Amino acid sequence: MATSAEDKSQHRKLALIIANGNYSRAENRLNQSQTNAKALNDLLNTIGFNVTLIYDVEKHDMTKNIIDFSQEIRDNDLVLFYFSGHIYQTNGKNYLIPVGDAYITKDQDVEDFANDCGRIFNRLIEKNSSYVTLCILDCCQEYLIKNNLTANSTSTVKGLREISPINGAFIQFACAANETSHDNLFTKHLLKNIAQENINIVNVFQRISDDVYKESDKGQRPLSINGLGQHGEIYLNQVYRPPPPPPPVEPTLSTEQFFSKETLSNEEKAYYEDCKEYYRMTKQPLISVSEEIFNRHVELPSVSLKFGVDENCKQFNLKSFIHQICAKFKLTMKDLLVKKIQEGSAILEVDIFDKFETPDKKLKLKMIYNTMVNNEELQKELGRMKIFLMYMGPIQELTKKQKYRAEITLNPEFNRKYGPGQNFWIGEIKDGKNRGGRPYYCPVGWQRISFYVTDNFDAKFNGWCIGYHGTKFAYGLSILLSGLKPADRAEHGAGVYISPSINYASHPRYSEVKPLDSSHENKFSKHGKYIQYVLECRIHPSKIKVTAAQTLRADNTIIDSNIDNSRIEWLIDNQNESIVDFNDSDSPIVCTGILMRVTDNHPGLLPESQWWYKAHICENSNCCLLGINLAYLNQQRTNGVTCNIVFD
């Protein structure tokens, strides 16, 4: 598009339209918002705009879409931003109100749960310093906030706060500053005038303002804030413009096109088999993320997504798979670049956000990560797509992880069963080994599956302590494949939490009690009914930051007769890592085996578990994973039902 008949320079036209109408409170809902936005979208398409149209978005999605849109802007573009919905002014700022606004009950909530209008303008304008950004705020109606201190009172703030002109921007309000209206006049005349040929922006909106003022009988005067003085006349629809570029052609995607003859290494094959085992047991993919994504000091020149799909490579439908991934993670085809597909089921490697700078790339990758780890239903959907692995990070980091996993093998020579008639001792073991000055007690009732982690174990771990980390059934393999996350419950500070007491680590908050069904029978036990996992770890004593008290409200009971309640938790320095990776030679924690306890009834009936009932225990799956109804378990205790350890 040219800026005048003489100036034939070209400008791309980009528009972002956001229409919010489905607000939480009935009195704030806007029935015409989507209809108006769709009509504007259709008009802008006819005059060469590439339009992104978004309906009813919450704050997170609104922010994401604005970031995505801003990444498309190049200097010298003609950019249009239109928002139809509610706006609210507080503390001298204007805020766009997203849907999902039930949390907004007072002015302070607006700052927390709405989108700062000024920040949005700055993000869009700074990407386009040489040309023009047009911002239209079609927000006439009052936004009502229910005061949560007095249930019958309702506070109102009218309209938009007037702002100063911004160089390179033309900002249009639907009403005058600090005023509102209940009609749809501004939108009516915007749609009537905005696509008029050969009329500059200033005159277009002067016409709109005059028409609204006249039809409202002088009751409504839209406000224009003009910062275009240095640009001369700017046209939205100049008739002598060149035709808009053709829409991007979706690339051809076929397995044959990207199939690589490069074979998988033995380390890769072993790693993928472990991931498949995890997937088949949990019906969910193993999700593995590189630490570099969380480290703000590390540049990310390239990031890959690697998918393992439990499907015959020759039958794998690449195009359908990519479309599903884009839909689930709100990506576009432009965000992904398929690199190769390898045989071994179907191993797909894709570069992601290749055109983004590191800060924006990391922000978007963290959004994807948070979407995955906080959404169990999404993980199940990925499982239904037969995905057994989803890795995100530099591909060389995955290679290192796979190589390390190949070196961790089972070491049956040191497998143990602990209890009378098996391996058993009372009190601190006296075998002359240096365990960092910390006592080691018999983990009675548990079986150890030992890992081969080094040739000279005693020399490597001379002076290292033994501790335990309880884990969910599904996480046992996941932790070994991906690393150990610092605790979400940071009772004593940030870091990884370990206990010298296996009795403490076996509490259902830490170690899931998993009922065994027929699919597990041959894998774990022929006669057992329940299983728990605890990781056996070696910890360098210099990395124990804090030795602290129990955090399960067990003040009036004894958890472990060998260890005082006041010294039963260790906080391990995670060295500011978001994931403590076992393949790091400097890791403060090394997992040397998995301990499992198999019982013929619920382990809450064991004598050593009776302290649970004088401490915190609940049925909230976000806290304690009991694997049984708590009332039923208590009834069994009352009736004297017993439980036995199963070694088979």
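To be clear, the structure that these remarks concern was listed above.
A short tour of the structure in this document, coming up. (Residues numbered from 1 in each chain as written. Predicted model: local features only at pLDDT ≥ 70, side-chain atom pairs only at ≥ 80, totals over all residues. Heavy atoms only, no water.)

### Re the packing of helix α9 (residues 318–329) against helix α11 (residues 376–384)
The cut-off we apply is this: Geometry is summarised by axes, namely lines fitted to C-alpha atoms with helices restricted to the contacting stretch, and by angles between N-to-C directions that run from 0 to 180 degrees. The helix and strand labels rest on DSSP assignments: H or I over at least four residues marks a helix, E over at least two residues marks a strand, and numbering proceeds from the N terminus. Oblique is the label for any angle not under 35 degrees, not over 145, and not in the 65 to 115 range, which are roughly parallel, roughly antiparallel and roughly perpendicular in turn. Should any heavy atoms of two residues lie within 4.5 Å, those residues are counted as being in contact. Side-chain classes are defined by residue name, with Ala, Val, Leu, Ile, Met, Phe, Trp, Tyr, Cys and Pro counting as nonpolar, Asp, Glu, Lys and Arg as charged, and the others, Gly among them, as polar.
With their axes 12 Å apart at the nearest point, α9 and α11 run at an angle of 180 degrees to one another. Here α9 is positioned roughly antiparallel relative to α11, judged by the angle of their axes. Residues Ile 325, Lys 328 and Phe 329 of α9 form the contact with α11, whose own contacting residues are Leu 378, Glu 381 and Leu 382. When its residues are assigned to classes, the contact of α9 with α11 shows four nonpolar, no polar and two charged.

### A look at the pattern of salt bridges
Here is the rule we go by: Throughout this description, the term salt bridge denotes a Lys or Arg side-chain nitrogen within 4 Å of a carboxyl oxygen of Asp or Glu. For the exposure calls, accessible area comes from a 1.4 Å probe over protein chains only, and a residue counts as buried if that area is under 20% of its type's maximum, exposed if over 50%, partly exposed in between.
The final tally for this structure, using the stated rule, is 22 salt bridges. We note a salt bridge from Lys 328 to Glu 381, for which the minimum N-O separation is 3.0 Å. With a gap of 53 residues between them, Lys 328 in helix α9 and Glu 381 in helix α11 connect regions that are remote in the sequence. Relative accessible area serves as the criterion here: at 25%, Lys 328 is assigned to the partly exposed category. Between Glu 377 and Arg 384 there is a salt bridge, with its nearest N and O atoms 2.9 Å apart. Judged by its relative accessible area of 58%, Arg 384 is exposed. Three or more residues are tied together by salt bridges with common partners; here these are Glu 262, Lys 306, Lys 340 and Glu 349.

### Comments concerning the environment of Lys 433
Counting through the fold element by element, Lys 433 comes out in the loop between β18 (416–417) and β19 (447–452). Classification of Lys 433 by relative accessible area gives partly exposed; the value is 46%. With 31 residues separating them along the chain, Lys 433 and Trp 464 place their C-alpha atoms 9.9 Å apart.

### Examining the nonpolar core
Put simply, the rule reads: To define a nonpolar core, start from buried Ala, Val, Leu, Ile, Met, Phe, Trp, Tyr and Cys residues and group those joined through side-chain atoms within 4.5 Å.
In terms of nonpolar packing, the biggest core is built from 40 residues, with Ile 18, Phe 81, Phe 83, Leu 96 and Leu 137 touching the most fellow members. Ranked by residues supplied to this core, first place goes to helix α4 (residues 117–126) with five residues. Setting aside chain neighbours within four positions, we find Ile 18 in contact with Ile 54, Val 57, Met 62, Ile 66, Phe 81, Tyr 82, Phe 83 and Ser 84. Judged by nonpolar contacts, the second largest core, of 38 residues, contains Leu 305, Phe 307, Phe 316 and Phe 356.

### Digging into the environment of Trp 611
Relative to the helices and strands, Trp 611 is located in the loop between β26 (589–599) and α17 (630–638). Note: C-alpha distance between Trp 611 and Asn 503 (108 residues apart in sequence) is 9.7 Å. Once residues lying within four places of it in the same chain are set aside, the contact partners of Trp 611 are Asn 503, Tyr 504, His 507, Leu 552, Ala 554, Thr 557, Ile 558 and Ile 559.

### A closer look at the pairing of strand β13 (residues 304–309)
Both faces of the sheet carry side chains from a regular strand, because those side chains alternate between them. Selection rule: Pairs of strands are assigned from DSSP output, requiring at least two bridges between the strands.
Here β13 lies mainly inside the structure; six of its six residues are buried. By the alternation rule, side chains of β13 split into Ser 304, Lys 306 and Gly 308 and Leu 305, Phe 307 and Val 309, which are all buried. Bridge analysis of β13 against strand β15 (residues 346–352) gives six bridges, and the strand direction is antiparallel. Note on β15: the bridge partner recorded for Gly 308 is Ile 347. Across six bridges, the pairing between β13 and strand β16 (residues 387–393) is antiparallel. By the bridge assignment, Val 309 is partnered in β16 with Ile 387.

### Comments concerning the side chain of Gln 532
Definition in use: Within 3.5 Å is the distance limit for a polar contact, defined as a pair of N or O atoms, with the added protein rule that one can donate a hydrogen and the other accept it, and that residues adjacent in sequence qualify only through two side-chain atoms.
Of note, Gln 532 is situated in strand β23 (residues 530–539). Within the structure, Gln 532 has its side chain in polar contact with the backbone oxygen of Ser 511 (distance 3.1 Å). Beyond its immediate chain neighbours, meaning those up to four positions away, Gln 532 contacts Trp 446, Ser 506, Ser 511, Glu 512, Val 513, Leu 595, Met 596, Arg 597 and Pro 603.

### Some points on the sheet that holds strand β25 (residues 569–572)
Spatial ordering of the open sheet is given by β21-β25-β24, a layout of three strands whose pairing is antiparallel. A strand with exactly one partner marks an edge of an open sheet, and here the two such strands are β21 (496–498) and β24 (544–548). For this sheet, the mean inter-axis angle between neighbouring strands, taken without regard to orientation, is 25 degrees. As judged from the three bridges shared by β21 and β25, these two strands associate in the antiparallel manner. Considered in β25, the bridge of Tyr 497 is made with Leu 571.

### Here's the deal with α4
Put simply, the rule reads: Summarising the geometry, the arc corresponds to the directions from the helix axis toward the C-beta atoms.
Within the sequence span of α4, burial applies to Cys 117, Ile 120, Phe 121, Leu 124 and Ile 125. Taken end-on, α4 shows its buried residues confined to a sector of 120 degrees, consistent with a single buried face. Across from the buried face of α4, at angles greater than 90 degrees, the exposed residues are Arg 119 and Glu 126. A distance of 2.9 Å separates the backbone nitrogen of Gly 118 from a side-chain oxygen at the start of α4, and that oxygen is part of Asp 116.

### Description of the sheet that holds β15
Read across the sheet, five strands follow the order β12-β16-β13-β15-β14 without closing on themselves; strand pairing throughout is mixed. Every other strand in the sheet has two partners, leaving β12 (286–289) and β14 (336–343) as the edge strands with one partner each. Neighbouring strand axes in the sheet, compared pairwise and without regard to direction, differ in orientation by 15 degrees on average. Across the sheet, α9 lies against β13, β14, β15 and β16, angled at about 130 degrees from β14, the strand it touches most.

### Side note on the side chain of Asn 115
Relative to the helices and strands, Asn 115 resides in strand β6 (residues 115–116). On the basis of relative accessibility, which here comes to 5%, the residue Asn 115 falls in the buried class.

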